[in-house]
Amino acid sequence: MKNNHVTSLKINLKSVDFNLNYFKSKLQKNTKLLIVVKAFGYGSDAIAITKHLQNKVAYFAVAYAQEGIALRAAGIKTPILVLHPQVENLELLVTHQLEPSLYSHRILDAFIALAKSKSFIDYPIHIKFNTGLNRLGFLGNQLSEITTKLKSNTTVKVNSIFSHLAASEDKNETEFSLEQISIFKKIVDDFENQIGFKPTLHMCNTSGILNYPQAHFNMVRLGIGLYGFANEKEKTADLKNVISLHSYISQIHTINKGGSIGYNRGCIANKSMKTATIPIGHADGISRKLGNRNGFVHINNQKAFIVGNVCMDMIMVDVTDINCSEGDKIVVFDNQETVETLAKNSGTISYELLTAISQRVKR
Ligand SMILES: *Cc1c(COP(=O)(O)O)cnc(C)c1O
């Protein structure tokens with residue numbers, strides 16, 4: 001299908017490979033790589049990413065069972081860890097050979113009961129420990145209760161135990177991160193002693209990989225770094241941009257001095273102006289906070305600021321001093337710096353800006 005005049009998001013798989021190799025170069029030879037593709041692969045296309053990487057990495061992870069099911073439906077055979085399964089979805093999860101992170105007695109008990117009812121043998125599970133993020137996970141002092149439950153049955157097998165750093169990107173919180181790592185190490189030692197074997201261990205996300213090489217253990221969980229963001233200017237500069245967002249000029253208007261632009265007359269022209277209407281709005285992920293000259297696009301390599309309010313399906317940009325025509329291509333972003341600037345100007349971070357790009361936008 002011809003894709004003219006449609007807002008579209010492009011994914012550069014060569015940049016994915018580049019970034020993957022960059023992070024691989026930070027790992028020991030035998031450290032495994034898990035790629036986090038939750039939220040549609042950080043707003044890109046989880047199926048395209050996993051199809052491309054399925055023979056290059058050990059694991060994928062998603063947040064919810066449904067996200068894993070979509071990957072299985074696309075033919076992905078790689079092991080998939082579900083980071084935040086719900087008791088209600090466990091049956092569905094095992095139907096699609098997804099591997100649950102079990103983070104509380106409630107969900108551990110429910111899963112063991114399910115595994116028994118299905119007469120599973122050694123179904124792979126992952127135990128999540130809370131070492132300071134206080135989001136999901138068992139506490140270290142619950143360990144013996146967990147291992148008692150696990151030792152007394154053969155329906156499940158602990159493939160990995162893991163934890164998550166709360167502030168791996170923040171140099172001011174190094175002490176806290178090191179404390180989390182040492183709490184995790186103690187849990188690991190006790191766990192291995194009580195259970196009598198060594199599961200895979202993992203703790204680091206993107207910034208953890210870069211800042212805490214001593215905490216790589218047997219596997220790392222790479223998320224935003226794959227897409228070219230390292231939560232730090234200098235390190236982001238080492239990476240290649242993966243996701244770019246383009247659109248087209250639908251219509252150009254000349255606004256006389258005193259005329260207004262957009263809903264609630266958000267912009268009043270204080271001189272004669274020329275505006276371009278672009279088919280992308282807040283329903284596509286362009287925050288309303290980017291209205292009124294907080295956000296911009298690039299047209300023929302020049303910055304065109306958003307004027308007035310961001311509409312659901314459109315923005316209007318100031319092209320008074322830009323030579324352009326209806327039908328011209330525009331760039332919303334095609335590099336990390338622009339993403340970071342737009343994120344900052346809308347009071348958020350790259351993670352939210354990327355994952356906010358809605359499914360209406362063609363990939
Ligand atoms: C999202 C997530 C990651 C990936 O984090 P990045 O900062 O994007 O690398 C890793 N582990 C867990 C548990 C997560 O929820």
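What comes next concerns the included structure. Since the structure is predicted, the reported quantities are computational estimates derived from the model, not experimental observations. (Residues numbered from 1 in each chain as written. Predicted model: local features only at pLDDT ≥ 70, side-chain atom pairs only at ≥ 80, totals over all residues. Heavy atoms only, no water.)

### Considerations on the site of the ligand
Right, on to step 1. The environment of the ligand is formed by V36, K38, Y42, L83, R135, H164, N205, T206, R221, G223, I224 and Y351.
Right, on to step 2. In the environment of the ligand, an oxygen atom lies 2.7 Å from a nitrogen or oxygen atom belonging to the side chain of K38.
Right, on to step 3. One nitrogen or oxygen atom from the side chain of R221 is found 2.8 Å from a nitrogen atom belonging to the ligand.
Right, on to step 4. When isolated, the ligand has an accessible area of 390 Å², and the protein chains bury 94% of it.
Right, on to step 5. More than half of the atoms of the ligand fall within 2 Å of the grid points belonging to the largest pocket.
Right, on to step 6. Looking at the shell around the ligand residue by residue, the classes come out as 5 nonpolar, 4 polar and 3 charged. (Near = heavy atom within 4 Å. Polar contact = N/O pair within 3.5 Å; in protein donor to acceptor, adjacent residues only side chain to side chain. Areas by Shrake-Rupley, 256 points an atom, 1.4 Å probe, with all protein chains shown as cover. 1 Å grid on protein atoms, 1.4 Å probe; cavity = no way out; pocket = protein on both sides within 12 Å on 5 of 7 lines; lining within 4 Å. Sits in = over half its atoms within 2 Å of the grid points. Nonpolar A, V, L, I, M, F, W, Y, C, P; charged D, E, K, R; others polar.)

### A closer look at helix α3 (residues 46–53)
Right, on to step 1. Residues A46, I49, T50 and L53 constitute the buried set of α3. Looking straight down α3, one finds that the buried residues subtend no more than 90 degrees of arc, so they occupy a single side.
Right, on to step 2. Those residues of α3 hidden inside the fold are in contact with β1 (8–11), α1 (13–24), β2 (32–36), α2 (38–43), β3 (59–62) and α4 (65–73).
Right, on to step 3. Where α3 begins, the capping side chain belongs to D45, and its oxygen is found 3.1 Å from the backbone nitrogen of I47. (Buried < 20%, exposed > 50% of the residue type's maximum accessible area, 1.4 Å probe, protein only. Helix = DSSP H or I, 4+ residues; strand = E, 2+ residues; numbered from the N terminus. Arc of directions from axis to C-beta. Contact = heavy atoms within 4.5 Å.)

### Thoughts on the sheet that holds strand β11 (residues 251–255)
Pairing between the strands of a sheet comes from backbone hydrogen bonds, and it takes one of two forms, parallel or antiparallel.
Right, on to step 1. As summarised here, the arrangement of the 8 strands in space is β1-β10-β18-β15-β16-β17-β14-β11, forming an open sheet in which the pairing is antiparallel. The sheet is open, and its two edges are formed by β1 and β11, each paired on a single side. Each strand axis lies, on average, 35 degrees off the axis of its neighbour in the sheet, ignoring direction.
Right, on to step 2. Examined bridge by bridge, strand β15 (residues 296–299) and strand β18 (residues 329–333) share 2 bridges and lie antiparallel to one another. Bridging across to β18, I299 finds its partner in I330. (Pairing = 2+ DSSP bridges. Axes fitted to C-alpha atoms, helices over the stretch in contact; angles between N-to-C directions.)

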